[in-house]
Amino acid sequence: MTALFKPLTILAGMRGVAGWLEDDEAELLLAAAVQVARGDRLCTLVEIGSYQGRSTVVLGGVLKALSPESRLYAIDPHEGTVGAADRKLSTGVPTFDAFMANITGAGVAEVVQPMRSLSYETVWDQPIDLLFVDGLHDRENVERDFRHFEPYLTPGALVLFHDYAGYYPGVVAFVDALVAGEGWRIVERASSMVLLERPGA
Ligand SMILES: C[S@@+](CC[C@H](N)C(=O)[O-])C[C@H]1O[C@@H](n2cnc3c(N)ncnc32)[C@H](O)[C@@H]1O
């Protein structure tokens, strides 16, 4: 028997990992992952910006229960740099060891493929069903993260951005441009998490 899907347990596990996801944001991330993982075929999830793994344990927890042969590619150079280039960047300690300990502790390491690189330097060649963008939060970086993987999004792919909020105007500007000019639609928001789809793609 595969692991039972227990959302409350996944969210409880997330709370033990340092990071910025609120409960309602994590719930929306989890719901989006369920949407793609409950299909008949294997799916591919990409996370840009893992930090210590708070969002990774949510996405990985869904995959482990619903589609354990599917994979979450968790992309982050793990140099400890967070923020936005047009506001404030902070550099703390490298996060890779904490990230690995956290995904292992949460029991999701087997469905997570860590990629220790910048999004736009990642060599990529496969279709993506869910893309979660949570790297640096200025417009240039958010757009570069998204554009690097955009060609690989499947027709029904779901895309989430974290920090779609006034304190990071670059994220707001880029997401609003996708909605106004590129056929994307906001499906739902939870605090600063926003879920998009592109109807008819
Ligand atoms: C806000 S934190 C991510 C938080 C994480 N999603 C969570 O739930 O805790 C941002 C992370 O993005 C990473 N990062 C910054 N620029 C990146 C890029 N171009 N590609 C991938 N990761 C990046 C940083 O190293 C940092 O760990």
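Every chain begins its residue count from 1, and numbering advances along the sequence as written. The predicted origin of the model limits local features to residues at a pLDDT of at least 70 and limits the giving and counting of side-chain atom pairs to 80 or more, whereas totals for whole chains, interfaces and linings rest on all residues. Working from all heavy atoms in the structure, the side-chain values ignore hydrogens and water.

Under an unreviewed UniProt entry, the chain has the name Class I SAM-dependent methyltransferase and belongs to Sphingomonas agrestis.

Trainee: Where do I start with the pairing of strand 1 (residues 44-48) in this structure?
Mentor: The side chains of a regular strand alternate, residue by residue, between the two faces of the sheet. Summarising burial for strand 1: five of the five residues are buried, a large majority. In this structure, strand 1 lies alongside strand 2 (residues 71-75), joined through five bridges in parallel fashion. Following the sheet pairing, Ile-48 is matched in strand 2 by Ile-75. You can see the chain leave strand 1, run along helix 3 (residues 54-66) and come back into strand 2, and the turn it takes is right-handed. Relative to strand 6 (residues 128-133), strand 1 runs parallel, the two being bridged by four bridges. Bridging across to strand 6, Ile-48 finds its partner in Val-133. Note on exposure labels: buried denotes an accessible area under 20% of the residue type's maximum, exposed denotes more than 50%, and partly exposed covers the range between, all computed with a 1.4 Å probe on protein chains only. Think of it this way: any DSSP run of H or I at least four residues long counts as a helix, any run of E at least two long counts as a strand, and we number them from the N terminus. When DSSP locates at least two bridges between a pair of strands, those strands are taken to pair. Looking down the strands as they point away from the viewer, one classifies a crossover as right-handed if the path from the first strand across the helix to the second runs clockwise.

Trainee: What's the story with helix 5 (residues 139-149) in this structure? I'm lost.
Mentor: Every α-helix winds through 3.6 residues per turn, so residues three or four apart in the chain are directed the same way. Every buried residue of helix 5 is accounted for by Asn-141, Val-142, Asp-145, Phe-146 and Phe-149. Buried residues of helix 5, viewed axially, fall in a sector of 125°; they line one side. Taken together, the buried residues of helix 5 touch strand 1, strand 2, strand 6, strand 7 (153-161) and helix 6 (169-181). Arc, as used here, means the arc of the directions from the helix axis to the C-beta atoms. The contact definition used throughout considers only heavy atoms, calling two residues in contact when any of these lie within 4.5 Å.

Trainee: Any chance you could explain the environment of Asp-24 here in plain terms?
Mentor: Relative to the assigned elements, Asp-24 resides in helix 2 (residues 23-37). Each C-alpha atom of the pair Asp-24 and Leu-11 lies 9.8 Å from the other, and the pair is 13 residues apart in sequence. Pairs of N or O atoms are called polar contacts if they sit within 3.5 Å, as long as, within protein, a hydrogen donor faces a hydrogen acceptor (for residues adjacent in sequence, only side-chain-to-side-chain pairs). Side-chain polar atoms of Asp-24 contact the side chain of Ser-191, separated by 2.6 Å.

Trainee: Can you walk me through the site of the ligand in this structure?
Mentor: For each residue, the test is whether any non-hydrogen atom lies within 4 Å of the molecule or strand; if one does, the residue is near. Neighbouring the ligand are 23 residues, the closest being Gly-49, Ser-55, Asp-76, Ser-119 and Asp-134. Within the contact set of the ligand, a nitrogen atom lies 2.8 Å away from a side-chain nitrogen or oxygen of Ser-55. At a separation of 2.6 Å, an oxygen atom of the ligand approaches a polar side-chain atom of Asp-76. Here the ligand loses 97% of its free accessible area of 600 Å² to cover by the protein chains. Mapped by element, the contributors of at least two residues to the shell around the ligand are helix 3 and strand 3 (81-83). Among the residues forming the shell around the ligand, the class breakdown is ten nonpolar, nine polar and four charged. What sets the accessible areas is the Shrake-Rupley method with a 1.4 Å probe; for residues, cover comes only from the shown protein chains. Each residue gets one of three labels, nonpolar for Ala, Val, Leu, Ile, Met, Phe, Trp, Tyr, Cys and Pro, charged for Asp, Glu, Lys and Arg, and polar for the others, Gly among them.

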